[in-house]
Every structure is written in structure tokens, then in C-alpha cells.
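# An overview of the molecular structure
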Amino acid sequence: MTTTADPTTLEFGKARTRKEDARLITGRTRFTDAITPHGTLHMHVVRSPLAHATITGVDRSAAQASPGVIGVYTAADLGVEAVGLPCAWPITPDMKSPQRPLLAHKTVHFAGEGVAVVLARTPGEARDAADLVEIDYEPLEPVLDMEAALAPGATLVHPELETNENATWVFDSGAAGTGSSVDEAIAAAEADPDSVVLKRRFRQQRLIPAFMEPRAVVCDPSGEQITLYSSTQVPHILRTMTTVTLGVPESKLRVIAPDVGGGFGGKIGVVPEEMLCIVLAQKFGKPVKWNETRSESLLAAHHGRDQIQDITITAKRDGTVTGLDVHLLADMGAYLGLVGPGVPILGAFMFNSIYKFPALKFTCTNVFTTKTLTDAYRGAGRPEATFGIERIMDELAVELGREPMELRKQNWITHGEFPFTTVVGLTYDSGNYEQATAQAMETFGYAGLRREQEERRRSGDPVQLGIGISTYTEMCGLAPSRVLGSLSYGAGGWEAASVRMLATGKVEVVTGVCPHGQGHVTSFSQIVADQLGVPFEDVEVLHGDTQISPKGMDTYGSRSLVVGGIAIVKAAEKVVAKARKVAAHLLEASEDDIEFANGMFTVRGTDKGKAIQEIAFAVFLAHDYPEDMEPSLDADAVFDPENFSFPHGTHLAAIEVDTETGHVDLRRYVCVDDIGNVVNPLIVEGQVHGGLAQGIAQALFEEANYDEQGTLVNGTFVNYTLPSAADLPSFDTATVSTPATSNPLGVKGVGEAGTIASTPAIVNAVLDAVRHLGVTDVQMPCTSQRVWRAIQAGKGNVTQETPVATHSPGAGLGSIDPNNPQGEVL
């Protein structure tokens, strides 16, 4: 930090309630839906009900005659047949990248793809008319299974590509020189009676981000600029990509992300509806607005996860790991999202996690199917990797007859070994896995719960206890730019900020990151209050408008604090440096003799001084300031970190499973996370709680299910199951701190930690409860029906099945399938 401050006055570390909340919870928000310029026309998208079909005809006559309708338009009508949306991450030189159209104009490739748009004077008139548009289709065979899609003779999603394979990306520590050869490690283990080779297949189901506010867009073409309001995480990226897609000059395009009601990665893309609003607004010279319904959001907004993981681990029989070989199949859906192809490969750098693997190979094949496209979802590649490694470590413990926590301790990087360069070439700068784990185990009552588990097994209790472990790390702050460039990522990882001292001593902070629920305004105000020694209340944070904040790389990948926050620190340091020069001039002292603390510039060894607010006013007057500087304290900064940050932690779950019904009950959840220095503990706790809910939801509740025709069968909140507060226990959370060395605040990031760590902890706990009954795996989500079937299969009573259709709310309720329409618990 640039200031010498009284620790009792510091904002950093103070659990302040959020500045944003009073406005948000009293209805004084400004979501995109609330923005309707005079004369606005309303757009509704006519979507395909089929996953794969040829469009043979469009009858718009009834819709065109409907009240209030301006027109019904196809891609050909709008002249956008050749316009395709961008993919910013070509992961290999030979990656296959089909055109992602604004509207399908010959063939539809997933159920929910737009085929036409209706423009009307009111939203209701547009929706009513859309129901009257009749589109004729010639059905084609859907492509739903990744392995079948890659088989010879498979139906092709995009015949012009001559394959359903998008790309195959490989990392081999032996070839890269960051470790030894996995192939050699496997061969050596197979030949060594004192070694084991363990292979497992894990499934990452398809999830839907399910943000609170559905997507919305307003395009206002009036004036010298086009103004685009969008419920987006990435206003700066959206502006650039709109220029790339439609040719609108960046200087003539203003993008505003007003209040944004959540995103979780689901609003990181550049979507057809944004481009269509611009095209129609330009065509008619009037504002055009689009609001998606919730069912549209679940159907057509991008999905997440959807991987098959084949993992081979080798180890000595004493427990020392010697190699890890990971083969992924990743479902891209029908098209490529903005960063979709690169999401799975982010996991390549995290499969080794906190363990000292000498050899690692990662092979990922991305596959096209006739489903909604996938892209980033909270954690983006890192939850998938953490799930894979934490599940295989538990499997290895079972194979070797080892206590799972002890096996982890044997193989992890110890505190004294930091900084540590991993088998994939990343350098972990700091960490203390021992401290976080010891605190978590003590809080959890680990030893006592193990004793209870043993007693329940001895007594044959029908309700069995399972204990799940997840000791994780993650890489946060999607940067540095040079690393992203080496991975062919289509953007940098830097972030920009400005700090402005106003004449009255108030402060404006302009940031290039864009909040959608994280509490940036509060956290950044706390940082700047300390840096400049001004009251927290005197700091105003401006964001989300490319006219106010012209430079930025936006919000995703837990980068806001560790990249955006540090850019603010750098700008504030420049403000202090300028103010110090003015203070020396006004106090008639050498600049070297000026000290700054708690907002006061003083002459060393005297009581002479001036507050930074006095300096700001003096510079505003400009009557007396140094001749070699401009009369301004304002400063800009761009920060591009030299390394990622690496938070870590230990998460422990206690699960009770009723072996007679399969009912799963989460009894206790404890986590201790090391996220470096903490700016605001209250905000951190909220982030962790939300992340835990999402990670637990993947383990127990959520799955996007398609039928054999490629139709999403649980496309509403009636049957796409999200947990409520009643479904989850009170979480016991805590933090410890080994400060990051890669930034001056020592911060690491926390936005995705709960989601990344919790899913394997829950699944490991479920399996730990029933493994002695012959259960070796339960595919997520671990609904009561799936758990019951796994128990019966373990006893040899039934074959284990994975239901295709939806599951009903509540971790303890059975899945709903055609043979069990009422959802009875089996």
C-alpha cells in the first residue's frame, strides 16, 4: 500500500455492508428491462422447436397481420445471412469453427435457435405474433452423444466441416519440459508390483447458469452514436466484438451495462439478439428492445460444463503419486461461444491441483452436437478439473486402503516449498495447505465423525454417514496477457482504472471491470479510502459505460480484485505522487521530506502539513503549484499481472444417506479458504456462500436433460432444479491468509472458490456413505433415485441406470422419468 496509516482507521479488512444494497433492495435499480426510450419497438425471436432440421418454408402472413406488428424478418430479409458471431479463442491452428448466424437461414442446429424475429409496438404484441409464424421443417437426425458423434459415419452437425470434432488440444509435461513422460510413468507402474495404475471415468453433466435477471437488450440509434444497453458482463468486449461483427465503428458505439442481475459466466458472450437489435434499430431509426423469457433463457442462453473425463493415475503402493493422464471429451453444443473452446483447457493447468505430480498429460477433444452451445460457467474449467482430481484421489485412497486425507497430505506441496513450480509450468507463489486443513478438520470434528461413521456401519444403521473431502487450488485473475497470448486467446488480461480528485476533495474512481452482484463499489471504495486517506463515503465508483470507462477487459475469471483492484491501486499511487509534489511546493519543503499518512502530507520532524483535500482544492484553483507539472491530480493506470493468483482451501462435507430410499441429507459443511488478504470479510462470506450453493447444486440437484430428439425437457424452473435455502444447511466458513506475492495488496480472489471446491466434496461424501455396500460411483446429480439404484446395483439387485429426463426438487426426492411420472421415491 502507498500510505502509512493507523491500522485502527484502515478500511481494508473491515466488514462493511455494501454501498450498493440500499438502492438495490429498495427498488431503485436500473436494470435493462426498465429502460424504454420514447418510440421503442419490441423484438421477439421465433425459435426452432427441433434440434436439427432443414428450413423448408416460412409463412408469416398471419403474424404480419397481427395488431401492432411492424414486420416479421428472416436472415435474408435483414441481409445478415453472411454475418457470423465471433469466437475469441481458437485453441489450435486447425480448429474447426462454423459460422454462428444471427438467425438460422437454411438449417437449424439446436432446439431454441432463432429462425425469425417479430418487431412490434409492444412486447405482448410481438410475443403473440411470434406464435402465429409458421415454419416448415424437414427433420434431420440429432447428434447428442459425444462419443457417437466422433464415430465413423456419424451424422454431421455441420457437413461443411466434414467432422464433428472441433479441435484436440494436448499438453504433455514430458514434451513441454515441465515434467517427465506420463506414458513412461504408466509403463513403469504397470511393470512394477509395488505400483498401481487406476483408471476411472467421471461425468460432468450439463448445467444452466440460471442468473437472476434474464438477458435484455435495448439499442437506441438516436444521436451521433448508437447506444446499446445490455445485461452483460463484458461491455468493453461487446463493443469491440460488435465492431468486428457488424462493422459499426467503435467510436460510434456506446455500450452500457446498467444494473446487471447476476451472470456466473452466462453473460460473458456476444449474442445474436444484441446484434439483431442493432440491425433492426439501424433499419428503422428507432430504439429496439428485447427481453428474453425465463424459458428462453434456459433453452437458448449458453450452458456450462458437459464433459466426459477419463482419468488414469499412477502411484506407488506407499501412496506417492507418479503420474496423471487426463482425456476429456467436451461438448461445445452446435456452435462456438466467445471463449467456449478454451474453457475445458483451462482445467489442464489445474488437474495437478496441490499435488506434486512428476508427470501429467492432458488431452481434450471438443465435440459438436445439436444442443445449445456451452461456454464459461462459474469457475470455467477449474471446477471440472478439481472434481476430476479430487474424485480420483479418493479412488486411489480406496485402492490403497489409505485414509483419504492422509493420502492427500502425503502428496501435497508443503508450506516450506513455496514458491513451487508445478508439473504444468505454473509457479504457485504462496500457500499453506497444512494450516487451512488443520483448521477445517478441527472445526468439522473430523475424528469424531469418523468414529460415528464406524459405529453406524457396525450397527447396520439404515442411515449411513459419509465424509467428503476437497483440498483445492485454483488460478484466479485471467491474465497475464502474455500467457493468454501463448494459448491463442483473443484478448489481453490487463485492466484499466482512473482515479480523479475533485475540487471539493471527493474522489471518483473509474474502473474497467463491470460488477453484476460482487460488491465492487464497496470493495473498491475501501481500497481507495485507504490509499488516499479519504472517508469511505467520499469515494464514488463509476463503471459499466464505455463512454465513462473507455478502457477495460470486464469481469470474469475472478479477476476483478486481483487485476482491476490493483489497477486502481496503481492509479491512486500516481495521485499521491502528484499530490506529494504539490504539498512540498506549498509547504516549502523538499519532496523527500514529505510524509503521507491517513490523508495528511506533513514535513518530517514538524507539525506542518496539509490534507489531501486541501491539495486537491489548491490544484483546482491553480494559483500556486509547481511549474513543472500540470494542475491536475488525476491519474490513469493499466495493470497487467506477471502471474495468476492461487487461492486454495479445504472443504469438508458430512452427508447422511438413507440406504432404504436413497435420500441424501447434507448434515454439515465446513470450509477454510486461503484467499490472501481480505478486503471485506462480509462480501467474502457472501461470495463463498453463493459459490457453495452452486457447487452443491451441481452435485445434488441440477442437470440440463435432453430427450432422444434433442429437446431440452426441463426448460423451466418447475423442473430445472435449483436449491432453495431450505435445501441447504448453515455453512461454517472461515479464511486464513498467506498473502499473494504477485500484487501489492496480497489478494488472491474468491468469486469462484466455493463452486470449484464444493462439488467433489459432496460427491465424495455420498460415495463414502455407501461404498461399503458395493457402490463405486453415482453420476451427478446424486438424486435419491440414482443413489438408490447404485445401492441396488451394488447388491446385485438391479442394473444401475442414469435417468434421461428431469429430476424433481429436493436432494432427497426421486428423479422423474417416463416410467415414474409422479416422481415416487423408489
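None of the values given here were measured: they were computed from a predicted structure.

### Section: the overall build of the protein chain
- Scanning the protein chain from terminus to terminus reveals 22 helices and 28 strands.
- Over its C-alpha atoms the protein chain spans a radius of gyration of 28 Å, differing by no more than 12% from the 28 Å that the globule rule assigns to 826 residues.
- Once the C-alpha set of the protein chain is aligned to its principal axes, its extents read approximately 90 × 75 × 50 Å.
- Counting all 826 residues of the protein chain, 60% fall into the buried class.
- Long-range contacts, defined here as pairs at least 24 residues apart, represent 78% of the contacts in the protein chain between residues at least 6 apart.
- Here the protein chain has roughly 29400 Å² of accessible surface; of this, 51% comes from carbon and sulfur atoms.
- Considering the protein chain, the positive charge centre built from 65 side chains and the negative charge centre built from 102 side chains are found 2 Å apart.

### Topic: empty space enclosed by the protein
- Scanning all chains against the criterion turns up five cavities of 30 Å³ or more.
- There is about 260 Å³ of room inside the largest cavity.
- If you trace the largest cavity, you find 27 residues lining it, with Arg 100, Phe 110, Pro 272, Glu 273 and Ala 300 closest to the centre.
- At the level of elements, β1 (41-47) and α9 (272-284) are the ones that each hand at least two residues to the lining of the largest cavity.
- The greatest single-element share of the lining of the largest cavity, amounting to three residues, is contributed by α9.

### Regarding the pairing of strand β12 (residues 288-291)
- Here β1 runs beside β12; their pairing, made up of two bridges, is parallel. Note on β12: the bridge partner recorded for Leu 41 is Val 288.
- Taken together, the four bridges between strand β9 (residues 216-220) and β12 define a ladder with antiparallel strand orientation. In the sheet register, Val 218 faces β12, and the bridge partner there is Lys 289.

### Digging into the environment of Ala 583
- Position of Ala 583 relative to the elements: it lies in helix α18 (residues 560-586).
- Through-space distance from the C-alpha of Ala 583 to that of Arg 786 is 70 Å; in sequence the pair is 203 residues apart.
- Residues within four places of Ala 583 in sequence aside, it is in contact with Phe 601 and Ile 615.

### So, the side chain of Thr 40
- Position of Thr 40 among the secondary structure elements: in the loop between α1 (21-25) and β1.
- A polar atom in the side chain of Thr 40 sits 2.5 Å from the backbone oxygen of Pro 37.
- Those residues in contact with Thr 40 that lie beyond four places of it in its chain are Arg 121, Pro 287, Val 288 and Lys 289.

### Remarks on the pattern of salt bridges
- The full count for this structure, using the stated rule, is 50 salt bridges.
- Here Glu 296 ties to Arg 47 by a salt bridge, and the two come within 2.9 Å at their closest N and O atoms. With a gap of 249 residues between them, Glu 296 in helix α10 (residues 294-300) and Arg 47 in strand β1 connect regions that are remote in the sequence.
- Of the residues examined, Arg 47 reaches a relative accessible area of 15% and is grouped as buried.
- Of the charged contacts, one joins Arg 667 and Glu 452 as a salt bridge, the two residues approaching to 2.8 Å between their closest N and O atoms. Of the two residues, Arg 667 is situated in strand β27 (residues 664-674) and Glu 452 in helix α15 (residues 446-459); the sequence distance between them amounts to 215 residues.
- One network of salt bridges, in which partners are shared, links Arg 47, Arg 215, Glu 273, Glu 292 and Glu 296.

### Thoughts on the side chain of Gln 309
- Topologically, Gln 309 is positioned in strand β13 (residues 304-316).
- A polar atom in the side chain of Gln 309 sits 3.4 Å from the side chain of Gln 307.
- One polar contact links the side chain of Gln 309 to the main-chain carbonyl oxygen of Glu 384, over a distance of 2.9 Å.
- Among all residues touching Gln 309, those that are not within four sequence positions of it are Arg 200, Arg 201, Phe 202, Gln 204, His 327, Leu 328, Phe 351, Glu 384, Ala 385, Phe 387 and Gly 388.

### A short note on the nonpolar core
- Counting 143 residues, the largest nonpolar core has Met 43, Leu 324, Phe 362 and Tyr 669 as the members making the most contacts within it.
- Among the nonpolar cores identified, the runner-up in size contains 47 residues, and Val 513, Val 539, Ala 572 and Phe 639 belong to it.

### Considering the sheet that holds β27
- A sheet is described by the order of its strands in space; here four strands give the open sequence β18-β26-β27-β28, paired in mixed fashion. Strands with a single pairing partner mark the edges of an open sheet, and in this sheet they are β18 (463-473) and β28 (732-736). When strand polarity is set aside, the average angle formed by the axes of neighbouring strands in this sheet is 15°.
- Where strand β26 (residues 648-658) and β27 come together, ten bridges link them in antiparallel fashion. Bridge pairing in β27 links Leu 652 to Val 670.
- Packing against the sheet, helix α20 (residues 681-700) makes contact with β26, β27 and β28, and its axis sits at approximately 135° to β27.

### Comments concerning unusual backbone geometry
- A cis amide bond, omega -5°, links Phe 418 with the succeeding residue Pro 419.
- The residue Pro 419 is located in the loop between α13 (404-411) and β16 (420-421) in this model.
- Each neighbour pair has its own omega, and for Met 780 with Pro 781 the value is -5°, a cis peptide bond.
- With respect to the helices, strands and loops of the structure, Pro 781 is situated in the loop between α21 (753-770) and α22 (784-794).
- Positive phi outside glycine occurs at Ala 210, with the angle close to 50°.
- The topology assignment puts Ala 210 in the loop between β8 (195-207) and β9.
- Given a relative accessible area of 14%, Ala 210 falls into the buried group.
- At Ala 622, a position not held by glycine, the phi torsion is positive, near 60°.

### Overview of the pairing of β26
- Counting buried positions over the eleven residues of β26 gives ten, a clear majority of the element.
- Bridge count between β18 and β26: eleven bridges; the pairing is antiparallel. Residue pairing in the sheet places Thr 473 in a bridge with His 648 of β26.
- The turn linking β26 back onto β27 is made up of five residues, and Gly 662 within it adopts a positive phi angle of 85°.

### Considerations on the confidence of the model for the protein chain
- For the protein chain, per-residue confidence averages 95 on the pLDDT scale, and 96% of positions sit at 70 or higher.
- Within the model, pLDDT remains below 50 along residues 802-826, and this stretch shows 73 contacts once partners closer than five positions in the same chain are excluded.

### Examining the packing of α18 against helix α19 (residues 612-621)
- At a minimum axis distance of 10 Å, the contact between α18 and α19 shows a crossing angle of 85°. Overall, the two elements α18 and α19 adopt an arrangement that is roughly perpendicular. Of α19, the residues touching α18 (which contributes Ala 579, Val 582, Ala 583 and Leu 586) are Ile 612, Ile 615, Ala 618 and Val 619.
- Among the residues making up the contact of α18 with α19, the classes are represented as eight nonpolar, no polar and no charged.

### Some points on helix α7 (residues 182-191)
- By the burial criterion, the buried members of α7 are Val 182, Ala 185, Ile 186 and Ala 189. For α7, the angular spread of buried residues about the axis comes to 95°, placing them on one side. In α7, the exposed positions angled more than 90 degrees off the buried face are occupied by Glu 184 and Ala 191.
- For α7, the elements touching its buried residues are β8, β13, β14 (321-333) and β15 (360-368).
- Measuring from the backbone nitrogen of Asp 183 back to the side-chain oxygen at the start of α7 gives 3.3 Å, which picks out Ser 181 as the cap.

Reading guide: rules and limits
Residues numbered from 1 in each chain as written. Predicted model: local features only at pLDDT ≥ 70, side-chain atom pairs only at ≥ 80, totals over all residues. Heavy atoms only, no water. Helix = DSSP H or I, 4+ residues; strand = E, 2+ residues; numbered from the N terminus. Rg over C-alpha atoms; globule rule 2.2 N^0.38 Å. Buried < 20%, exposed > 50% of the residue type's maximum accessible area, 1.4 Å probe, protein only. Contact = heavy atoms within 4.5 Å. Areas by Shrake-Rupley, 256 points an atom, 1.4 Å probe, with all protein chains shown as cover. Lys, Arg positive; Asp, Glu negative; His and termini not counted. Charge placed at Lys NZ, Arg CZ, Asp CG, Glu CD. 1 Å grid on protein atoms, 1.4 Å probe; cavity = no way out; pocket = protein on both sides within 12 Å on 5 of 7 lines; lining within 4 Å. Points joined across faces, edges and corners; volume = space filled by probe spheres on them. Pairing = 2+ DSSP bridges. Polar contact = N/O pair within 3.5 Å; in protein donor to acceptor, adjacent residues only side chain to side chain. Salt bridge = Lys/Arg side-chain N within 4 Å of Asp/Glu carboxyl O. Core = buried A, V, L, I, M, F, W, Y, C linked by side-chain atoms within 4.5 Å. Axes fitted to C-alpha atoms, helices over the stretch in contact; angles between N-to-C directions. pLDDT = per-residue confidence, 0-100. Parallel < 35°, antiparallel > 145°, perpendicular 65-115°, else oblique. Nonpolar A, V, L, I, M, F, W, Y, C, P; charged D, E, K, R; others polar. Arc of directions from axis to C-beta.

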